[in-house]
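Residue-level structure breakdown
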Amino acid sequence: MRFSKIAIGLVTLSVGTVNAFTVHPSQSTTTFVSKTSLASLAEPVGGRSKDEIASELASGKVLEGGQVIDFSSVKGPSKAEQALDEARNKVVAANGSIASSLQDAILGINQDVIKEVGHDLGIFADDVAVQKCGAYLRSLAPAGTFEPKEETYTSFTEAEKAEFSQILEKAYVESGEVTSAFAKTFYLGTQIMNEEARKAIWAVYVWCRRTDEIVDAPRESNDDMLTDLASWEVRLENLWKYGEVVDVLDLCLLDIRIKYPNLPITPFVDMIRGMLMDVPNLGQDRYETFEELHLYCYRVAGTVGLMSMPVFGCAPGFTEEQAKEPALSLGVAFQITNILRDVGEDAVTRGRVYLPQDDMKKFGVTEEQIMAQRIDENYINLMKYEISRARMYYDRALRGVPMLAEESRLPVQSSLDCYGKILDKIEENGYDSLNKRAYVSKWEKLFTIPFSWYRTQEISKILPLPGDKPLSPEQP
């Protein structure tokens, strides 16, 4: 279970949800203090102690509406953070020259990725061409985009410029191929974006995919993984600070870093922390409360929404700060959907139970039952409860679609509608997500697009589709 594949857009439960965090109507943000933090407990949850978890939860900010927490830049004094810092110090001391324990030509592009795509990746440009192309892209950046650093390549012929354009275009094409291979619903949504936005979203996805592969790759120990992950984080920081690139796929991220100067590094760094939460003996394989799961949802899914907002842009009269709460809501909605779809698979193949333990106790569902993949009325009621929570977040996310630039509304609305249908499929499967995988076919997704288009039109506010809720007066 990793990052949500289409947490790229901008959800209140009418009945049944116990709200564990609230904010006074007059407040726009407040510090979130989990009930977990009230007890000083040190029992480990996977590799994270209760105190570590409580410390991070207490650093979140509750956004307007009281249902979404912004965990941007939250780094608790965790075992995982300490281990990553130690690996990072070694990488920095070695000036980034520590070789990966993996045999991959491109970090994060392993043989599984190549097999899924169907051909080798990144072999169309050598290291010199990549560095020259990177230098050329930096030369096009507005003054002040990057901190000054001595350049090896400073002048370029017209023939070289044409070659660089071809290299960058090929890097984007391969980024699209990776996106299509691993995230079909996500890729479908990008097909109705303009070309520049589509390429930018592919670049974001491929960075996330590579981060996921770095953490998931089989190794002898966590030490090797942490070294690779630390190197990856240092590379990210150097790209943001100096515009440095290491391999040909980095060129796409550099290009969008230049084209979208307000693209923040924070959600990228936060996603790395989300990946660590899934690492055995460092992360967390059980979640006592929904508040704990909320942090995970932010890091692996909400972050993608924050990465994407500068690409989508905002409608006149709206700011990214206003659109942030709906974007994070959609990330939570998508990740809860992933979790509900994959309960059986996560338990049986990975030994993981993401469902909040408090919720399981409330409905009388046991881990033994989940591992045995046994459906009963208790499990069905638990699924109904969790589905209603997910739909609450989808509803909150829906408020953000009109906040987006007009050309970005349909891709986000269609992604929201298509992914939300997974919940419908779970219901159609009799709430059996232990033995069956909820699946929305390509044709069902395509059939959804005209309805998504209608929902982005002003008339839908007056004449909503059957089953749709009209927007309330305070919504855009």
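Please refer to the structure higher up on the page.
Predicted model, so just to flag it, every value in this text is computed and none were measured.

1. Examining helix α10 (residues 266–276)
In terms of burial, α10 is largely enclosed, as 10 of its 11 residues are buried. Looking at α10, one finds that the buried residues are P267, F268, V269, D270, M271, I272, R273, G274, M275 and L276. Along its buried surface, α10 packs onto α2 (79–93), α7 (195–216), α8 (222–242), α9 (250–259) and α11 (290–312).

2. Observations concerning the side chain of D270
Along the chain, D270 falls in helix α10. With no salt bridge to any partner, buried D270 finds its closest opposite charge in R299, at an N-O distance of 5.7 Å.

3. A word on the packing of helix α16 (residues 377–398) against helix α17 (residues 406–428)
Two elements in contact, α16 and α17, have axes whose closest approach is 11 Å; the angle formed by their N-to-C orientations is 165°. Overall, the two elements α16 and α17 adopt an arrangement that is roughly antiparallel. Handedness of the crossing formed by α16 with α17: left-handed. Taking contact as the criterion, the partners of I387, A390, R391, Y394, A397 and L398 in α16 are, on α17, Q413, L416, Y419, G420, L423, D424, I426 and E427. For the contact of α16 with α17, the class distribution of residues is nine nonpolar, two polar and three charged.

4. So, the pattern of salt bridges
Counted by the stated rule, this structure contains 39 salt bridges. In this structure, K132 engages E160 in a salt bridge whose closest nitrogen and oxygen atoms are separated by 3.5 Å. Here the residue K132 occupies a position in helix α4 (residues 127–140), and E160 occupies one in helix α5 (residues 158–182), the gap between them amounting to 28 residues. According to the relative accessible area criterion, K132 is partly exposed, its value standing at 23%. Here K161 and E158 are joined by a salt bridge, their closest N and O atoms 3.3 Å apart. Residue K161 and its partner E158 are located together in helix α5, separated by three residues, close to a single helical turn. Residue classification places K161 among the partly exposed positions, given a relative accessible area of 25%. Linked through salt bridges whose partners overlap, the residues forming this network are R341, D342, E345, D346, R350 and R437.

The rules we used
Residues numbered from 1 in each chain as written. Predicted model: local features only at pLDDT ≥ 70, side-chain atom pairs only at ≥ 80, totals over all residues. Heavy atoms only, no water. Buried < 20%, exposed > 50% of the residue type's maximum accessible area, 1.4 Å probe, protein only. Helix = DSSP H or I, 4+ residues; strand = E, 2+ residues; numbered from the N terminus. Contact = heavy atoms within 4.5 Å. Lys, Arg positive; Asp, Glu negative; His and termini not counted. Salt bridge = Lys/Arg side-chain N within 4 Å of Asp/Glu carboxyl O. Axes fitted to C-alpha atoms, helices over the stretch in contact; angles between N-to-C directions. Parallel < 35°, antiparallel > 145°, perpendicular 65-115°, else oblique. Left-handed = near helix turned anticlockwise from the far one by under 90°. Nonpolar A, V, L, I, M, F, W, Y, C, P; charged D, E, K, R; others polar.

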